[in-house]
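Structure assessment
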Amino acid sequence: MEIFTQTVVNGIVLSSIYILVALGFALIFSVMQILNFAHGTIYMAGAYVCYYLASSFGLPPWAAILISAVVLALFGVFLERFGFRYLENDFNRTLMFSLVIIVFLQTTADITVGPYVKRVPSVLHGVTTVAGITLSKERLITCVITVCLLLAVTFLIRKTALGRQMLAVAQDGDAASLQGINVHRVAAFALGLSSALAAVAGGLMGSIIMLNTYMGDAMLLRAITLVIIAGIGSLGGLFVSGLIVGFVDAVLPIFIGGSGSAVVAFSFAILILVIRPQGLFGHEI
Amino acid sequence: MSEKQGKMGVKTSKRYVAYAILIAFLLLLPWLSLGGAYFIHVCILIFTYVIATSSLRTIFVSGQASIGHAAFMGIGAYTSALLSTKLGWTPWVTILLGAITAMVVAVLSGYLFSRLRAIYFSMVTAFFGVAFEALMRSGGEFTGGKAGMVALPGMGVIDLPGLGEINFATSKIPYYYLLLFLTLFTLIVLYRIERSRSGMNWMAIAQSPLVASSIGISETKFRILAFAVGCFFGGLAGSVYPHYSSVLSPGSFSLMPSINLVIFLLFGGTRFFAGPVIGVIVLMAIPEVFRSLKQYAPYIVGGIMLLVTFWMPQGLAGLFESAKPWIFKMFGKGANPVRKEFSNGMRK
C-alpha cells in the first residue's frame, strides 16, 4: 500500500512537471512553427539559476523559483527579439540557433556552478499524514504549484486577449497579422511564457533530483513525446498524454528498469507518429 | 562551343591535379611529425565524422532532415562489436556486416517513416535514435548495458601482398590509412550517386514532393533509397570506430551525438558536397586550436555557429562560393564578363 500510494504520487508529480515543460514546447511550436531544441536546456538553466540564488544569496526557495522564472522569461523574450525573429522559420537555421543556445547555456552552467553534486532546497520539508498514508510535503507542494500554474496558463490562453491572439497566430500567422495582431510581439510573449514555465519546472524538479547540465536532454525528449502523443495543436490532449507518460515513468522503472521504460515510452511515440501522425487528440495535418 | 569545352577540359584536369596533390598530402601526413599520436587520433576522428556527416548529407539532399543518424552508426557499431566478440569473427568482415545491418534497418524503418515529411520525419528519426539508445542500455549482459562494451578486438595483423605485414595493434598509423581509404571510397561513391539520375530525383523530391511524383518519380522509393545509402555509410563509420578505440558506450549514439552530426552538416552547408568535409574539419579543429582556453572553448564554437546562423545561411561552404567572384576580381582573372559590361555601361 505504501509503495502503491508513493508510486501514484510520484506519477502525478512527474506528470505535472512534464506537462509544464511540454506546454511551453507546444506553445512555441504552434505559435512560431519552430522545434525549440533549447527548451530542455532552458529548463536546466531554470534549475541552475534557482540553485545559484538559493545557495549564494540564501534566498528562500519560493523566491528563488520566482526570480529564476522572471530571469528566464526575459531571456526568452530576448531570444525572440534578437534571434528567432530574423530566422524566418527556416528549419535549418532555427535548429542551428537553438543548438547555439544549448552550447552557451550548458557552458555557462558548467563554469559558474560546476559539475559537483547539488540540489535545489525544497519549498517545504518533512512529511504529512493524510488518511493514514505518509506523503512527503515537497511532492505535494510540487503538485499544487504545477496544477495552479497549469490552470492559470490555460485560463490565460483561452480567456484573455493575449491568449486568443496566440491562438490566432497559431492557426494562421498571415491572417492574424491582417487582423492587426503584432505577430512578433505575440511570439516573444509565447517564448517568454514558455521559458518561465520551463524555469519553474526546473526549480521544482531540482529539489527532487540531482542537478546536472545534461538534465535538459531527457526532459526535452519527454516534452516532445507528450506533444506527439497529444497531437500538435492540442493543449487539452497534453494533460492526458502527460498523465500517460508520467505514470509510465513512475511505474515501469519498478519492473523493467529506467532504460526499459524509456524504450516503451519512445516506441509508443514512434508508433503514434507512424500510425496516427496527428496524435491522439490533434486535428489533421 | 568547342572553345568552351576545351576550357572546361583544362579546368577538369587542373582539378584532378589538385585532388592528386591533396591525396598525396593526406598519404604523407602521418610522417610529417605534427603532434605525434594525438594528431593521428584527431585525424582518425575527423575521417570518421566526415564519413558520417557526408552520409547524413545524402539523406538531407532527398529532403529528409534526419536527427537520428548516430543511431544508425550505433547499429553498425553494436552489430560489428557483438559479432566480433560473441562469435569471434574477424573485424574485417563484421565491419561490412555492421554497415549492411544499418542499411537493412534503414530500409525497413524508412518504409515505415516514408509517410512522414519535414518536421515529422525529423521527430520520428529523433525518437528512433533515443529508443535505440535506451534499448542498448537495457540490453543487460548481451549489449553490456549502461557501461557499454570494453576490450573489443582490434583489426589484428594482416599480410598485404607487396606491403608486408601490417600490425594494427602497435600504432595508430594503419588505422589512419584504413580510415583515409574508407573516407575517399565513401566520398567518391556518394558523389557519383548524387550526380546520377537518382541524385537528381532526390533533389526534385526535396524541392517539391508533389511536383516530383507528378512527373513520375516515386517519392517513397527514392526517399528510402537515400535513407538506405546514407545509413549504410553511417553504419560503416560507426562500425569501424569501436575496433579502433576498443570501447563502445550507448551514450555515443543518443540524441546529442545525432544533433552534433547535424551541426557539422549545417555548419558546413547542406547545398555543397564539400560542406560536411569543411564543417567537420573546422568544428573539430576549433577545440584543438583553442585548447588553452579550457572550459571557455565552447563559447568560441558557439560564437562561430552564431555567425554561420545569421550571416551564412548556406554554411561555410556557401561562403566560399559567394566569395568566389570577389576573389577572382582581386586577382584580376576570370571576372564575370556580364558584370563588367554592366559596370562599363553604368560609367557611360
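For clarity, every value in this text was computed on a predicted model and none was experimentally measured. The residue count restarts for each chain, going from 1 along the sequence in the order it is written. To label them, take the chains in the order written and letter them from A, then take the ligands in the order written and number them from 1. It should be noted that, the model being predicted, local features are given only for residues of pLDDT at least 70 and side-chain atom pairs only at 80 or more, the latter also being counted only at that level, while totals for whole chains, interfaces and linings use all residues.

Observations concerning the overall build of chain B
Helix and strand definitions follow DSSP, with helices as H or I runs of at least four residues and strands as E runs of at least two, each counted in order from the N terminus. A tally of regular secondary structure across chain B gives 14 helices and two strands. Across the 348 residues in chain B, those meeting the buried criterion constitute 41%. We call two residues in contact whenever the C-beta atoms placed from their backbones are within 7 Å. Of the contacts formed within chain B by residues at least 6 apart in sequence, a portion of 75% connects residues at least 24 apart. Buried, partly exposed and exposed are defined by the number of other C-beta atoms within 10 Å of a residue's own C-beta, namely 20 or more, between the two limits, and 12 or fewer respectively, with C-beta atoms placed from the backbone.

Brief notes about the overall build of chain A
Looking only at helices and strands, one finds 10 helices and two strands in chain A. Mapped from its N terminus to its C terminus, chain A presents α and β elements in the order α-α-α-α-β-β-α-α-α-α-α-α. Here the radius of gyration uses the C-alpha set of atoms, whereas the globule reference equals 2.2 Å times the residue count to the power 0.38. In summary, chain A has a C-alpha radius of gyration of 19 Å against a globular reference of 19 Å for 285 residues, a match within 12%. Along the three orthogonal principal directions, the C-alpha set of chain A runs to about 60 × 45 × 35 Å. The contacts in chain A between residues at least 6 apart in sequence include a share of 75% that link residues at least 24 apart.

Here's the deal with helix α11 (residues 275–289) of chain B
Along an α-helix, residues three or four apart share an orientation, since each turn contains 3.6 residues. What a helix should span is 1.5 Å times the count of its residues minus one. Taking 1.5 Å of rise per residue, 15 residues should cover 21 Å, and α11 of chain B covers 21 Å from first to last C-alpha, within 8% of that figure. Listed as buried for α11 of chain B are Gly275, Pro276, Val277, Ile278, Gly279, Val280 and Leu283 of chain B.

Things to note about the interface of chain B and chain A
Taken together, the 34 residues of chain B in the interface contact 31 residues of chain A. At the level of secondary structure, the elements contributing two or more residues to the side of chain B that touches chain A comprise α4 (91–113), α5 (118–137), α10 (255–268) and α12 (297–311) of chain B. In terms of residue count, the dominant contributor to the side of chain B that touches chain A is α5 of chain B (11 residues). In this classification, the charged set is Asp, Glu, Lys and Arg, the nonpolar set is Ala, Val, Leu, Ile, Met, Phe, Trp, Tyr, Cys and Pro, and all remaining amino acids, among them Gly, are polar. Looking at the side of chain B that touches chain A residue by residue, the class counts come to 28 nonpolar, five polar and one charged.

Observations regarding the environment of Met44 of chain A
Residues and elements named next belong to chain A. Summarising the element assignment, Met44 is placed in helix α2 (residues 39–56). Sequence separation between Met44 and Ile228 is 184 residues, and the spatial gap between their C-alpha atoms is 22 Å. Once residues within four sequence positions are removed from consideration, Met44 is found in contact with Ala109, Gly202, Thr213, Met215 and Gly216.

Details of the domain arrangement of chain B
Residue and element names in this part refer to chain B. These domain boundaries are the output of an automatic or database domain assignment. Split by domain assignment, chain B resolves into domain 1 (1–32), domain 2 (37–298) and domain 3 (314–348). Between domain 2 and domain 3, the contact holds 12 residues from the first and six residues from the second. Considering each element in turn, the side of domain 2 that touches domain 3 owes the most residues, four residues, to α11. Partitioned by chemical class, the residues of the side of domain 2 that touches domain 3 number six nonpolar, five polar and one charged.

Description of the packing of α2 of chain A against helix α3 (residues 61–82) of chain A
Packed helix pairs are specified by the crossing angle of their axes together with the interaxial distance, meaning the distance between the axes. Residue and element names in this part refer to chain A. Orientation is described by axes fitted as lines to C-alpha atoms, over the contacting stretch for helices, and by angles from 0 to 180 degrees between their N-to-C directions. One way to put it is that α2 packs onto α3 with a least axis distance of 8 Å and a crossing angle of 135°. Taken together, the axes of α2 and α3 are oblique relative to one another. Of the two elements, α2 crosses α3, and the hand of that crossing is right-handed. Where α2 abuts α3, its residues Ile42, Ala45, Gly46, Val49, Cys50, Leu53 and Ala54 lie against Pro61, Ala64, Ile65, Ile67, Ser68, Val71 and Leu72. Here the contact of α2 with α3 is built from residues that sort into 12 nonpolar, two polar and no charged. For this classification, under 35 degrees means roughly parallel, over 145 means roughly antiparallel, 65 to 115 means roughly perpendicular, and everything else is oblique. The handedness criterion is simple: a crossing whose near helix is rotated anticlockwise from the far helix by less than a right angle is left-handed, and one whose near helix is rotated clockwise is right-handed.

Thoughts on unusual backbone geometry
One non-glycine residue, Gln33 of chain A, lies in positive phi territory at about 55°. Inspection of the secondary structure puts Gln33 of chain A in the loop between α1 (2–32) and α2. Note on Gln33 of chain A: 16 C-beta atoms within 10 Å, which makes it partly exposed. Positive phi is not limited to glycine here, since Ser246 of chain B has a value of about 65°.

Section: the nonpolar core
When a protein is soluble and globular, its nonpolar side chains tend to lie buried together. Residue and element names in this part refer to chain A. Val21, Ala22, Ala190 and Val227 are the most contacted members of the largest nonpolar core, which totals 190 residues. Top element by residues in this core is α1. It accounts for 17 residues. Not counting residues up to four positions away in its chain, the partners in contact with Val21 are His39, Tyr43, Ala198, Ala201, Met219 and Ala223. Among buried residues, those of type Ala, Val, Leu, Ile, Met, Phe, Trp, Tyr and Cys that are joined through C-beta atoms within 7 Å form a set called a nonpolar core.

Things to note about the confidence of the model for chain B
Detailed conclusions should not be drawn from predicted coordinates in areas where pLDDT is low. All names here are of chain B. Summary of the metric used: pLDDT quantifies the predictor's per-residue confidence within the range 0 to 100. Of the residues in chain B, 86% reach a pLDDT of 70 or more, and the chain-wide mean stands at 80. In this model residues 1–8 is a low-confidence stretch, pLDDT under 50, and it forms zero contacts with partners more than four residues away in sequence or in other chains. Ignoring residues within four places in sequence, the model shows residues 337–348, a span with pLDDT below 50, making one contact including any to other chains.

Some words on the packing of α10 of chain B against α11 of chain B
All names here are of chain B. Relative orientation of the contacting elements α10 and α11 amounts to 110°, with a least axis distance of 7 Å. The angle between α10 and α11 falls in the class roughly perpendicular. Here the hand of the crossing between α10 and α11 comes out right-handed. Residue-level inspection shows Phe264, Leu265, Phe267 and Gly268 of α10 in contact with α11, the latter providing Gly275, Pro276, Val277, Ile278, Gly279, Val280 and Leu283. Across the contact of α10 with α11, the residue classes tally to eight nonpolar, three polar and no charged.

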